[in-house]
Structures are given as C-alpha cells and as structure tokens.
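Chain by chain, the residues run as shown.
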Amino acid sequence: MVSGARLEVRGVSHAFALEKRALPVLQDIDFVAQPGEFVALLGPSGCGKSTLLRLVAGLEAPSEGRLLVDGAPVTGTDPSRTIMFQDPTLFPWRTVRGNAQLGPEARGTLAADAPRIEQALSLVGLASFAEAFPHQLSGGMAQRAALARALVNQPRLLMLDEPLGKLDSLTRLAMQRELAALWERERFTALLVTHDVEEAVLLADRVLVLSDRPARICADIRVDRPRPRRRDDAGLVALREEILALLGLAEAA
Amino acid sequence: MAAPPLSHPSIPAPGGRSPWSFRMSGQSLAGAAPLGDAPSRFRLFPRRLGAARRFVAPVVLVLLWQLAAQAGLVSTRLLASPAAIATAAWQLIASGELAYHLAVSLRRVAIGLAIALGFAVPLGLLAGLSRLGEDLVDATLQMLRALPFLALVPLLILWLGIGEATKIALVALGAAFPIYLTLFGGIRGVDPKLLEAGRVFGLSRAGLIRHIVLPGALPQALVGLRYALGTAWLSLVVGEQINATAGIGYLVMDAREFLRTDIILVGLLVYALLGLGADQLVRFIEKAALAWRPSVLGER
Ligand SMILES: Nc1ncnc2c1ncn2[C@@H]1O[C@H](COP(=O)(O)OP(=O)(O)O)[C@@H](O)[C@H]1O
Ligand SMILES: [Mg+2]
C-alpha cells in the first residue's frame, strides 16, 4: 500500500497578471498536511482555492513562497500528486474507461492496473457506462468519471476540487461515504476543496477556512471526531455552526 | 484509527444495492438519450421518405428536359437530351474509354493529394507543435496562400511543361493549403485544460502529442481534408484543360471540338460524381474516426 505524502505550503502568495495590474489571489498561505491527513479547504467562490490546488499539482509556480512534498520542492506535475479538476475535463475521444486508463497508459502499467481501473469505475458507479463517451454523460456522471480517473493512479496526495459539486444530493451523500471509506483504506493525503461546510467536517481531519480574495487562512479547525462519522454527530453539528459563524453565515441562535 | 469493516470498495447499502446504483438505472436513460438509438431509429423512416421526396423535382426536370429536346424546343447542338447523354455514357463505358480516362484523372488526383499530404501534414505538425516551427513555416505559407493558386498556371507551365507534372502540381497546390491550415489550427485549438490534465496524469511531451494534441486536432484536420478534396477536383478541371491527351478533362475538350454536347455533359456528370464520392469517402472516415463526437452521431 502507498502511504500519504507530506505536503508543506510555506508562505505561498500568488498573483495573476491582468492587463495592467496584478490580481493577488493567494496571500501568505502557510500550512502542513501530514502524511495521510485529510484537509478540507473552505472558502468563498473565487477566493483562490482552485489556484492553490493548481500550485500544489505543479501546473503553475507560485509568485512567492515554497511548496514541498516529502521535503522536495514541487517543480512540475507528478502522477503521485493527482488532481481531480473542478470541470471534469474528460478526454472527449476516450470512453469512460479510456479516460481512467490514461494515467496507467502513460506510465506503462496498464496491464497491472486493469483490476484497479475496473474497481475505480464500479466505485463511482460507472461500471455499466465504461464504454460511454463523455458527451453521453450527465454532469454528475462526468464528475464521477473524473474521480475514477484520478483514483486509478494510486495518488499519495489527492486533490479534489469540488468533486461532488454537480451531483444530486442523494448521490452526493453516497459518494461522501465512499470517499471516506476509500481514504480510510488507502490513507493518501487529501486536499478537498468544497463549498459545503457539512461535507468538510464530515470528511476532513482539518478544515482550513479561507478569506475572500486574496485568500488567507483565517481559521485552521481540527475535526477530532471518531470515524466512521455520522452526519448527526453532535460534535460535527457544533463544528459546522462554528465554521458557518466564521464565514458570517451563522443561523440565529 | 481502526481499520474499517468495509473491505470492499463499493459498499452496498443494507438493502442490497448501493443507493446510487439504484439511481444509476434512472440516469442511464437520461444518459443514453443523446446518443440515441431510439431517436435515430425514430428518424430513420421519415428521413427515407424525405430523401425520396428530394428526388422528385430533379426527376421531373430531367423529364421536362427530355420532352423539350424531343419537341425540338432545345437545340441538341447546345444541349444534348438526357437520352442522348445516357446513350453517350453507355457507349463510353462499353468501349472502356470512360474507364481509361477516369483512371488517368484519378491517378492525377491521387498523386497530387499524396504530395499535398506529404508536404502539408509535416509542415502543419511542425508549425502547430513548436513556436520555432510556426515562425519558420506559418508566415511563409500564409503569404503564399494569399496568392490564388490557379494564377500560378503560367509559371507552372514554364517550370514543369505542359505534361502530367503541371496537372499534378496544380492538384497538390490546391489541396495542400486547406490541409496545412486546418491541421495547424486544429493543433493550436486543443483545449489547454485537457493538456494540463494529461500532464497531471504523467504524459510525456510525446504522449501529450499522441494522446491529446493529435486526437484533438483530428476533427479540424478532417474538415481540411474534405475541403482539400474539393479544391483538388477544381484544380484537376483547370489542369486538364491544359493540353491534356487523356483524362476526363481531355474527353470534354475533345468533345467540344466535335460539338458533342452529350459527351461534354457525361464528363461534367463524372466530375460531379467524383466530387460527391470523395466527399462521401471523407464523411465515412469522419464517422469511423470521430465516433466520439455528438455532432457526427447526430448527422444524417
Ligand atoms: N489563469 C488566470 N488568469 C487570471 N486570473 C485567474 C486565472 N485563474 C484564476 N484567476 C482568478 O483568480 C481568482 C481565483 O480563482 P480560483 O482559484 O479559480 O477560485 P476558486 O476559489 O473559486 O476556486 C478568480 O478571481 C479568478 O478570476
Ligand atoms: Mg474553483
């Protein structure tokens, strides 16, 4: 079994160059995710969550600061750090299975990974759609296909960018349970971007609450509740209220 | 933390089926609809009727034409009657003349097209895949493209003479530009997000090109091929008017000398059928190669 990677984000700031001025998106982001830790990133839309994941994935270099995985600086992409994009970005000319096969194909481990691919497809409930092309999938199915494609790579660090955002609520509940079970089995380090406070506290060991753009970490909340967790766990409900209050969305007490 | 009792990845809900495998069956209908066995089967029948109906007007026109010719309303010196055309066509086929000339013309197109592909595909790849290649190749080709290639005929005759070479060169020139342009454009138009996804999953540069850039550029490139075939026929028609001694164009020019409008029309008909056939061929290739595209599935 593969163990999780240790991720260090050290003083990372990032700005995009717009026509005239710079658009600061991340400001002095600093945290460490321990091997096998499940970290949720929670923040308002457009604050820079996806950007942070892109930096960790090595798709872009930060304007300032350092990113280290197991002590080594991130210099580019690596299949052990897999990201599931917010848009599914499936390859339209590949079937669902073909999409899942891409990583193993790129590494030349297709034969060895074949069972894993089938397992991932049935995990996300797409086994019967393995031969379908992306344009034949609904938005939620495409997201699940993207999740399967990320999972087959046995990542040591898995980044999930609002992975369940397009799912209907029933499927979402089921997928949350699957994700939790999967993470407990595989113990990769997980970075989950989500809008859903309940989802964050249900899945994560730790919730980082980000401010409006430029994003700063405004709270680092530990979720010390036993697993498998129940949605109605009083501790989780209390945490959820606390985080909503931080986001300025507390319900009147 | 204690190992969870859930050893199998897809934990079925206590009821037996997992909650979303139940949902799946509901979604499968929605998911399959656009691909649509059902819709296309529904459409098939009315479409056939529609296709048959489309032939009504042309058939009536041809009948009228024949009647007008028989009644002497149209001079057969200017326009042969459909019956005369059919007879001429039959004679040309029976004597093997048509097959011979057709083979000559097809050979010119085939060689010209092969040369066009031989130049345009490597150049398109070079310009599309590297900035250096683009600087070297693209500016030059864009300038050349501004020149209507048929205007090169006098130069080509001076350079290559009035034999086969000029005709083939003309076809090659006409076909090369659309292939180059669409391939270059197709490569540059590949969604950068897909390239990023490819990088994340560990594709090397060569792997990115093979698995993402080329399949992504293929639809455009095939449009280019279709267009190239069109210009190839056009070039052939022009080329075959230059001192040809064989080919469909020769057949037409020769017939003109003898005022055989029936043979001229047979020649035109053959040109039209060739163009149509080429188009069908590319459509067939598209259908086979681009099965993943919704638009192709939806076509016809
Ligand atoms: N490539 C880019 N160029 C310029 N601005 C960008 C780029 N990518 C993202 N941004 C901007 O950065 C901000 C944060 O984006 P993002 O990280 O996608 O936010 P979110 O937290 O919703 O995932 C947004 O305002 C977005 O417009
Ligand atoms: Mg985002």
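The preceding data block contains the structure.
Thresholds applied
- Residues numbered from 1 in each chain as written.
- Chains lettered and ligands numbered in written order.
- Predicted model: local features only at pLDDT ≥ 70, side-chain atom pairs only at ≥ 80, totals over all residues.
- Heavy atoms only, no water.
- Helix = DSSP H or I, 4+ residues; strand = E, 2+ residues; numbered from the N terminus.
- Rg over C-alpha atoms; globule rule 2.2 N^0.38 Å.
- Buried < 20%, exposed > 50% of the residue type's maximum accessible area, 1.4 Å probe, protein only.
- Areas by Shrake-Rupley, 256 points an atom, 1.4 Å probe, with all protein chains shown as cover.
- Lys, Arg positive; Asp, Glu negative; His and termini not counted.
- Charge placed at Lys NZ, Arg CZ, Asp CG, Glu CD.
- Contact = heavy atoms within 4.5 Å.
- Polar contact = N/O pair within 3.5 Å; in protein donor to acceptor, adjacent residues only side chain to side chain.
- Donors = N, O, S within 2.8 Å, 3.2 Å for Na, K, Ca; no water.
- Expected span 1.5 Å × (residues − 1).
- Bend = angle between axes of the 7 residues up to and from the residue.
- Axes fitted to C-alpha atoms, helices over the stretch in contact; angles between N-to-C directions.
- Parallel < 35°, antiparallel > 145°, perpendicular 65-115°, else oblique.
- Nonpolar A, V, L, I, M, F, W, Y, C, P; charged D, E, K, R; others polar.
- Salt bridge = Lys/Arg side-chain N within 4 Å of Asp/Glu carboxyl O.
- Pairing = 2+ DSSP bridges.
- Near = heavy atom within 4 Å.

Asks: For the overall build of chain A, give the residues involved together with the corresponding values.
Replies: Tallying secondary structure elements over chain A gives 7 helices and 10 strands in all. In terms of overall dimensions, chain A is globule-like: its C-alpha atoms have a radius of gyration of 18 Å, near the 18 Å expected for 253 residues. The dimensions of chain A, computed from C-alpha atoms along their principal axes, are 50 × 45 × 35 Å. Within the span of chain A, comprising 253 residues, buried residues form 57% of the whole. Working note: accessible area of chain A is about 10,000 Å², and carbon and sulfur atoms make up 52% of it. For chain A, the separation between the mean place of its 30 positive charges and that of its 32 negative charges on side chains is 2 Å.

Asks: Outline the environment of Leu208(A), supporting the account with residue identities and numerical values.
Replies: All names here are of chain A. Its place among the elements puts Leu208 in strand S9 (residues 206–210). Residue Leu208 is classed as buried on the basis of its relative accessible area of 0%. The spatial distance from the C-alpha of Leu208 to the C-alpha of Asp220 is 4.6 Å, given a sequence separation of 12 residues. Here Leu208 is in contact with Phe31, Val39, Ala40, Leu41, Leu42, Ile217, Ala219 and Asp220, once residues within four sequence places are set aside.

Asks: Any details on the environment of Met159(A)? Residues and values, ideally.
Replies: All names here are of chain A. With respect to the helices, strands and loops of the structure, Met159 is situated in strand S7 (residues 157–161). Once the C-alpha coordinates of Met159 and Thr82 are considered, the two residues, 77 residues apart in sequence, prove to be 6.1 Å apart. The contacts of Met159, once residues within four sequence positions are left out, are Leu53, Val56, Ala57, Arg81, Thr82, Ile83, Met84 and Leu191.

Asks: Can you break down the environment of Arg225(A) residue by residue, with the values?
Replies: Residue and element names in this part refer to chain A. Looking at the secondary structure, you find Arg225 in the loop between strand S10 (217–222) and helix H7 (234–246). When its relative accessible area of 32% is taken as the criterion, Arg225 is described as partly exposed. A sequence separation of 11 residues divides Arg225 from Leu236, and the C-alpha atoms of the two residues are 7.5 Å apart. Among all residues touching Arg225, those that are not within four sequence positions of it are Asp233, Gly235 and Leu236. At 3.1 Å, the side chain of Arg225 and the side chain of Asp233 are in polar contact.

Asks: Describe the coordination of the magnesium ion (ligand 2), and please don't skip the residues or the numbers.
Replies: Residues and elements named next belong to chain A. Coordination of the magnesium ion (ligand 2) by the protein comes from Ser50 (OG) and Gln86 (OE1), over a distance range of 2.0 to 2.3 Å. Note that Ser50 is positioned in helix H1 (residues 49–57) and Gln86 in the loop between strand S6 (81–84) and helix H2 (96–107), a separation of 36 residues in sequence. We classify Ser50 as partly exposed; its relative accessible area is 25%.

Asks: So what about helix H5 (residues 131–145) of chain B? Which residues, and what values?
Replies: Think of an α-helix as turning once every 3.6 residues; residues three or four places apart then point the same way. Residue and element names in this part refer to chain B. Taking 1.5 Å as the rise per residue, H5 with 15 residues should run 21 Å; its terminal C-alpha atoms sit 20 Å apart, in good agreement. Residue Val137 marks the point of greatest curvature in H5, where the axis turns by about 30°. Here H5 has its buried residues at Gly133, Val137, Asp138 and Leu141. Buried residues belonging to H5 abut helix H4 (97–129) and helix H7 (164–188).

Asks: Report on the packing of helix H4 (residues 139–151) of chain A against helix H5 (residues 169–186) of chain A, specifying residues and quantitative values.
Replies: All names here are of chain A. Where H4 contacts H5, the two axes come as close as 13 Å, and the packing angle between them is 5°. The angle between H4 and H5 places the two elements in the roughly parallel class. Packed against H4, whose contacting residues are Arg144, Leu147 and Leu151, the element H5 presents Thr171, Met175, Leu179 and Leu182 at the interface. Among the residues making up the contact of H4 with H5, the classes are represented as 5 nonpolar, 1 polar and 1 charged.

Asks: Residue-level account of the side chain of Lys167(B), with values.
Replies: Residues and elements named next belong to chain B. Take Lys167: it is sitting in helix H7. Buried within the structure, Lys167 lacks any salt-bridge partner; Glu164 is the closest side chain of opposite charge, at an N-O distance of 4.8 Å. The contact partners of Lys167, leaving out residues within four places of it in the chain, are Arg108, Ile162, Gly239, Glu240, Ile242, Asn243 and Ala244.

Asks: Please provide a residue-by-residue account of unusual backbone geometry, values included.
Replies: As a rule of thumb, non-glycine residues mostly have phi less than zero, and peptide bonds are mostly trans rather than cis. All names here are of chain A. Residue Pro214 is reached from Arg213 by a cis peptide bond, and omega for that bond is -10°. Although it is not a glycine, Asp70 adopts a positive phi angle of roughly 50°. Along the chain, Asp70 turns up in the loop between strand S4 (64–69) and strand S5 (72–73). Classification of Asp70 as partly exposed rests on a relative accessible area of 40%. Positive phi values are uncommon outside glycine, yet Glu162 reaches one of about 45°. Residue position: Glu162 is located in the loop between S7 and H5.

Asks: Provide a residue-level description of the pairing of strand S1 (residues 7–17) of chain A, including the pertinent values.
Replies: Two faces belong to every sheet, and in a regular strand the side chains alternate between them. Residues and elements named next belong to chain A. Alignment of S1 against strand S2 (residues 22–33), held across 8 bridges, turns out to be antiparallel. If you follow Leu7 over to S2, its bridge partner there is Ala33. Bridge count for S1 against S4 is 5 bridges, and the pairing is antiparallel. Note on S4: the bridge partner recorded for Val9 is Leu67.

Asks: Now, about the site of ligand 1: what can you tell me, with residues and values included?
Replies: Residue and element names in this part refer to chain A. Contacts to ligand 1 come from Phe16, Leu23, Val25, Ser45, Gly46, Cys47, Gly48, Lys49, Ser50, Thr51 and Arg213. Here Cys47 contributes a backbone N or O atom positioned 3.2 Å from an oxygen atom of ligand 1. Here Thr51 contributes a side-chain N or O atom positioned 2.5 Å from an oxygen atom of ligand 1. At the level of elements, S2 and H1 are the ones that each hand at least two residues to the shell around ligand 1. Its residues assigned to classes, the shell around ligand 1 comprises 4 nonpolar, 5 polar and 2 charged.

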